[in-house]
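If you want the building blocks of each chain, they are given just below.
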Amino acid sequence: MNAPTSAHHLQPPRDTPPALLQALAARFGAQYSVAAAVREQHGRDEGSISAPPPAAVVFAESTQDVQDAVRLASSHGVPVIPYGAGSSLEGHLLAVQGGISLDVSRMNRVLSIDADDLTVTVQPGITRKQLNEAVKHTGLFFPIDPGADASIGGMAATRASGTNAVRYGTMRENVLALEVVTASGEAIRTGTRARKSSAGYDLTRLMVGSEGTLGIFTEVTVRLYPLPEAVSAAICSFPSIEAAVRTVIQTIQLGVPIARVELIDANSVRVVNAHSKLALREEPMLLMEFHGSPAGVQEQAETVQQIAQDWGGNAFEWATTPEERTRLWTARHNAYFAAVQSRPGCKAISTDTCVPISRLADCLLDSVAEADASGIPYFLVGHVGDGNFHFGYLLDPSIPEERETAERLNHQLVARALSMQGTCTGEHGVGIHKMGFLVDEAGEGAVEMMRAIKRALDPQNILNPGKIFAL
């Protein structure tokens with residue numbers, strides 16, 4: 001299935017009765033807005049799909065606010081779409097069936113830091129940078145880093161991961177407990193701060209990755225980790241993408257506990273150089289980071305350097321100071337925006353496949369060949385330590401043929417990943433863009449089971465409807 005270019009056809013929008021708008025205005029006062037600019041801001045994300053804005057926006061500041069907003073919407077059968085930082089890529093926050101946007105960005109407090117247990121409980125609107133600033137005095141940090149300064153609630157909702165996942169895992173492994181407001185407006189708790197439990201269904205794992213379709217997070221408890229004693233980063237250029245990928249595969253298969261290993265292709269290096277005023281060699285490149293004791297970091301780095309040299313890696317550049325590391329990783333995190341700015345007025349369609357590490361080279365190289373042959377501008381970045389990579393196809397929205405080419409490439413890439421027992425989305429989530437691919441990956445029976453859960457927990461289908469699958 002080719003992904004949609006617009007959300008208009010997925011489901012007809014539902015009416016938002018004036019009585020609901022009046023009730024929301026009376027309950028929330030200055031925390032409520034129907035201003036066009038506010039609605040439009042809450043009706044778009046960083047993706048390429050368009051939809052009409054929500055009918056209204058409510059700015060929640062407490063769990064009670066979320067409960068009251070949901071109860072009012074439920075009494076009228078009107079959709080509620082959670083909104084955090086607005087950094088999603090797959091249309092998660094679009095009001096495809098109308099309704100109200102429930103903005104939790106003001107719910108950004110740290111509720112408790114339990115340093116002895118290496119956990120922290122926060123409200124969903126806090127961003128990952130704000131969280132790390134709040135806990136740095138403890139000698140701990142939260143390692144999940146999707147690049148954007150996303151909200152913790154949004155990261156949990158999409159089961160995000162990012163550059164550190166090869167060492168620290170994803171949000172699936174790092175969320176211990178949640179407070180969730182259900183479709184009826186009830187606040188429930190899932191999980192505890194204990195590291196393991198066999199008590200009943202694992203509702204925390206059910207909610208993590210549910211993309212706001214089963215409940216709205218109002219508290220999130222996550223794992224923290226000790227700040228490493230030593231950190232060293234390095235970049236290394238390669239004669240080909242294959243050489244870079246083979247280096248990564250061998251590193252992972254040898255069990256080297258590398259913290260980050262990112263691939264950026266020559267196209268990405270070129271736009272990053274222009275955007276960030278750098279002078280990196282415009283060849284396929286790995287960005288790596290090592291965490292541990294000084295001796296452990298040195299051993300890891302020397303091992304990887306030797307592997308890289310065996311595959312033709314050259315021009316190693318080491319960064320051991322925080323300033324040098326920040327320079328390198330800021331450039332990597334800005335790759336998406338650098339690429340978009342390299343073609344003014346363009347839209348980027350981002351892929352998100354993930355495959356078993358043993359199939360990474362085959363999947364990636366065949367996909368590069370297809371992208372090169374298409375003639376469409378693109379860039380390639382990847383969290384290749386866990387088999388996840390992203391093409392960004394840069395298209396002119398006024399040229400329908402470019403959109404068709406980008407979607408065809410994406411379709412071919414997903415089909416290839418699924419044939420290798422991979423997934424259509426490693427970290428961005430399904431949203432709208434990958435609904436058809438989910439059926440291809442999971443099968444109709446599994447998707448129907450998901451629908452059954454959704455119907456049971458949200459019988460009116462008011463929680464972020466039109467996402468993940470159609471009811």
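Use the structure listed above.
### As for the packing of aromatic side chains
Here is step 1: What the rule picks out here adds up to nine aromatic pairs.
Here is step 2: Summarising the aromatic geometry, the rings of F141 and Y168 are spaced 5.7 Å apart at their centres and angled 90° between planes, so their arrangement reads as edge-to-face. Of this pair, F141 sits in strand β7 (residues 140-141) while Y168 sits in helix α6 (residues 165-168), placing them 27 residues apart in sequence.
Here is step 3: Accessibility expressed as a relative area gives 11% for Y168, which makes it buried.
Here is step 4: For the pair Y168 and Y225, a centre-to-centre distance of 5.1 Å together with 70° between the ring planes defines the contact as edge-to-face. With Y168 in helix α6 and Y225 in strand β11 (residues 225-226), this residue pair connects regions lying 57 residues apart in the sequence. Pair check on accessibility: Y168 and Y225 agree, each one buried.

### With respect to helix α11 (residues 294-310)
Here is step 1: End to end, α11 covers 25 Å across 17 residues, agreeing with the expected 24 Å (1.5 Å per residue, within 8%).
Here is step 2: When α11 is considered as a whole, its buried residues turn out to be G296, V297, Q300, A301, V304, I307 and A308. Down the axis of α11, the buried side of the element spans an arc of 125°, and every buried residue falls inside it. In α11, the exposed positions angled more than 90 degrees off the buried face are occupied by A295, E299 and D310.
Here is step 3: Its buried side turned inward, α11 meets β12 (230-237), α9 (241-253), β14 (285-292) and β15 (314-319).
Here is step 4: Just downstream of α11 lies G312, where phi reads positive at about 90°.

### What about the nonpolar core?
Here is step 1: Counting residues in hydrophobic clusters, the biggest one holds 43 residues, and the most contacted among them are L263, L286, M288, L364, F391 and Y393.
Here is step 2: Ignoring anything within four residues of it in the chain, the contact list for F391 reads I349, S350, T351, L364, S367, V368, A371, Y378, F379, L380 and L413.
Here is step 3: Counting residues in each nonpolar core, the second largest holds 25 residues, with V135, F142, I144 and M171 among its members.

### Comments concerning the pattern of salt bridges
When charged atoms on two side chains of opposite charge get close, those side chains can pair.
Here is step 1: In this structure the tally under the stated criterion is 26 salt bridges.
Here is step 2: Notably, a salt bridge pairs R281 with E283, separated by 3.4 Å at the nearest N-O pair.
Here is step 3: Here R403 ties to E407 by a salt bridge, and the two come within 3.4 Å at their closest N and O atoms. Separated by four residues within a single helix, R403 and E407 lie in helix α15 (residues 400-419), roughly one turn from each other. With respect to burial, R403 and E407 carry one shared label: buried.

### What to know about the sheet that holds strand β1 (residues 32-33)
Here is step 1: On the basis of which strands lie adjacent, the open sheet formed by four strands has the order β1-β2-β4-β3 and mixed pairing. For this open sheet the edge positions go to β1 and β3 (80-83), each flanked by a neighbour on one side alone.
Here is step 2: Pairing between strand β2 (residues 56-59) and strand β4 (residues 100-103): four bridges, direction parallel. Each bridged residue has a counterpart across the sheet, and for A56 the counterpart in β4 is I100.
Here is step 3: Strands β2, β3 and β4 of the sheet are contacted by helix α3 (residues 63-76), whose axis makes an angle of about 170° with β4.

### Looking at the packing of helix α14 (residues 360-374) against α15
Here is step 1: Between α14 and α15, the least distance of the axes is 10 Å, while the angle of their chain directions is 165°. With respect to each other, α14 and α15 are oriented roughly antiparallel. You can see that α14 and α15 cross each other, and the crossing is right-handed. Taken together, the residues of α15 that come into contact with α14 (itself represented by D362, C363, D366, S367, E370, A371 and S374) are T405, R408, L409, Q412, L413, R416 and A417.
Here is step 2: Residues belonging to the contact of α14 with α15 are distributed by class as follows: five nonpolar, four polar and five charged.

What counts and how
- Residues numbered from 1 in each chain as written.
- Predicted model: local features only at pLDDT ≥ 70, side-chain atom pairs only at ≥ 80, totals over all residues.
- Heavy atoms only, no water.
- Phe/Tyr/Trp six-rings, centres within 6.5 Å; stacked < 30°, edge-to-face > 60°.
- Helix = DSSP H or I, 4+ residues; strand = E, 2+ residues; numbered from the N terminus.
- Buried < 20%, exposed > 50% of the residue type's maximum accessible area, 1.4 Å probe, protein only.
- Expected span 1.5 Å × (residues − 1).
- Arc of directions from axis to C-beta.
- Contact = heavy atoms within 4.5 Å.
- Core = buried A, V, L, I, M, F, W, Y, C linked by side-chain atoms within 4.5 Å.
- Salt bridge = Lys/Arg side-chain N within 4 Å of Asp/Glu carboxyl O.
- Pairing = 2+ DSSP bridges.
- Axes fitted to C-alpha atoms, helices over the stretch in contact; angles between N-to-C directions.
- Parallel < 35°, antiparallel > 145°, perpendicular 65-115°, else oblique.
- Left-handed = near helix turned anticlockwise from the far one by under 90°.
- Nonpolar A, V, L, I, M, F, W, Y, C, P; charged D, E, K, R; others polar.

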